[in-house]
Amino acid sequence: MASSEEDGGGNGAVEEKESGKRRRLGALATAWLIFYNVAMTAGWLVLGIAMVRFYIQKGTHRGLFRSVQKTLKFFQTFALLEVVHCAVGVVRTSVLVTGVQVSSRIFMVWFIAHSIKQIQNEESVILFLVVWTVTEITRYSFYTFNLLNHLPYFIKWARYNFFIILYPAGVAGELLTIYAALPYVKKTGMFSLRLPNKYNVSFDYYYFLIVVMFSYVPLFPQLYFHMLRQRRKVLHGEVILEKDD
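Residues numbered from 1 in each chain as written. Predicted model: local features only at pLDDT ≥ 70, side-chain atom pairs only at ≥ 80, totals over all residues. Heavy atoms only, no water.

Peer 1: How should I be thinking about the overall build of the protein in this particular structure?
Peer 2: Along the protein, the regular secondary structure elements total eight helices and zero strands. A burial count over the protein gives 33% of its 245 residues as buried. Taking contacts inside the protein between residues at least 6 apart in sequence as the whole, the part at least 24 apart equals 71%. Accessible surface computed for the protein: about 15,500 Å², of which carbon and sulfur atoms make up 63%. (Helix = DSSP H or I, 4+ residues; strand = E, 2+ residues; numbered from the N terminus. Buried < 20%, exposed > 50% of the residue type's maximum accessible area, 1.4 Å probe, protein only. Contact = heavy atoms within 4.5 Å. Areas by Shrake-Rupley, 256 points an atom, 1.4 Å probe, with all protein chains shown as cover.)

Peer 1: Looking at this structure, I do not really get the packing of helix 7 (residues 163-188) against helix 8 (residues 205-236). What am I missing?
Peer 2: A pair of packed helices is captured by two measures, namely the crossing angle of their axes and the spacing between those axes. Direction vectors running N to C along helix 7 and helix 8 enclose 180°, while the axes themselves pass 10 Å from each other. Of the possible angle classes, the one that applies to helix 7 and helix 8 is roughly antiparallel. When its residues are assigned to classes, the contact of helix 7 with helix 8 shows 22 nonpolar, no polar and three charged. (Axes fitted to C-alpha atoms, helices over the stretch in contact; angles between N-to-C directions. Parallel < 35°, antiparallel > 145°, perpendicular 65-115°, else oblique. Nonpolar A, V, L, I, M, F, W, Y, C, P; charged D, E, K, R; others polar.)

Peer 1: Sorry, what's going on with helix 7 here?
Peer 2: Side chains that are three or four residues apart share a direction in an α-helix, a result of its 3.6 residues per turn. Its 26 residues give helix 7 an end-to-end C-alpha distance of 36 Å, which sits within 8% of 38 Å, the value for a rise of 1.5 Å per residue. Along helix 7, the largest kink reaches about 35° and is centred on L182; proline P183 follows within four residues of it. By the burial criterion, the buried members of helix 7 are F163, L166, G170, V171, G173, E174, T177, I178, A180, A181, L182 and V185. Of the surrounding secondary structure, the elements contacted by the buried residues of helix 7 are helix 4 (95-114), helix 5 (123-147), helix 6 (153-159) and helix 8. Once helix 7 finishes, G189 follows within two positions and takes phi at roughly 70°, a positive value. (Expected span 1.5 Å × (residues − 1). Bend = angle between axes of the 7 residues up to and from the residue.)

Peer 1: So what exactly am I meant to see when it comes to the pattern of salt bridges here?
Peer 2: Between side chains of opposite charge, pairing is possible as soon as their charged atoms come close. For the structure on display, the rule yields four salt bridges. For the salt bridge of E82 with R139, the shortest nitrogen-to-oxygen distance reads 3.5 Å. Placement of the pair is E82 in helix 3 (residues 81-88) and R139 in helix 5, with a sequence separation of 57 residues. Take E82: its relative accessible area is 11%, and that puts it in the buried class. A relative accessible area of 15% means that R139 is categorised as buried. (Salt bridge = Lys/Arg side-chain N within 4 Å of Asp/Glu carboxyl O.)

Peer 1: What's the story with unusual backbone geometry in this structure? I'm lost.
Peer 2: Trans peptide bonds make up most of the peptide bonds, and negative phi angles are found at most residues other than glycine. Of the consecutive residues L195 and P196, the connecting peptide bond is found in the cis state with omega at 0°. Counting through the fold element by element, P196 comes out in the loop between helix 7 and helix 8. Backbone geometry places N200, a non-glycine residue, at a positive phi of 60°. Relative to the elements of secondary structure, N200 occurs in the loop between helix 7 and helix 8. Judged by relative accessible area, which is 61%, N200 ranks as exposed.

Peer 1: Before we go on, may I ask you to explain the environment of K187 in this structure?
Peer 2: Mapped onto the elements of the fold, K187 is located in helix 7. Residue K187 is classed as exposed on the basis of its relative accessible area, which comes to 76%. Separated by 19 residues in sequence, K187 and Y206 place their C-alpha atoms 9.4 Å apart.

Peer 1: Honestly, the nonpolar core in this entry has me stumped. Any pointers?
Peer 2: The tendency in soluble globular proteins is for nonpolar side chains to be buried as a group. Counting 40 residues, the largest nonpolar core has W44, L72, I112, L129, I178 and L209 as the members making the most contacts within it. Not counting residues within four places of it along the chain, the set of residues in contact with L129 comprises M51, L64, F65, V68 and L72. F142, F163, M227 and L235 belong to the second largest nonpolar core, which has seven residues in total. (Core = buried A, V, L, I, M, F, W, Y, C linked by side-chain atoms within 4.5 Å.)

Quick look at the structure:
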């Protein structure tokens, strides 16, 4: 009996120690997420202000991408940490979904807008830049206030209403930008690998971009209607029953 009590007490101490460790890790994770979301909110806010200032000073969108590209590249690439957050369990979100969303943005920045300078002054580039900026300021603000347990209703309302227009507009901007890039990609053969070569494989970036454009057809409705369901759940308190696949 004495041995059993001592074992029980020992297990209780271990459990209490483990519980304390989890609380400390939870506090550290929350502190990091608050820092991360504040930094991202500030970064996209700086980008938005720079875009407005450029247009007021120049009176045109031409040259806007070039003027803000360093800030855009840094903060959009920094968003790769969101995939890490999901992978290590800091955030309970699908690694696959987050990975697709983040990588598609990085693809647009580095392999389209950055790599094909001839399209940087296209109106479609400015369209997705404006949409991304408003979306990210709203999204990261929402996460920040939510983590601080002080979420203003306007931020929550904006998070679950702005996307109704911004999401389709952003997709349109991205698709139009890729479409505008196609002639330059076809003409130059950039990022393509032709046969014969020592690897004995071929890759055509032109057709790859066409496949990317068509991939929006099945992906966009799924993500859009998911957000609509979340909107009903958060703003109207509806219970959403997910069907098992």
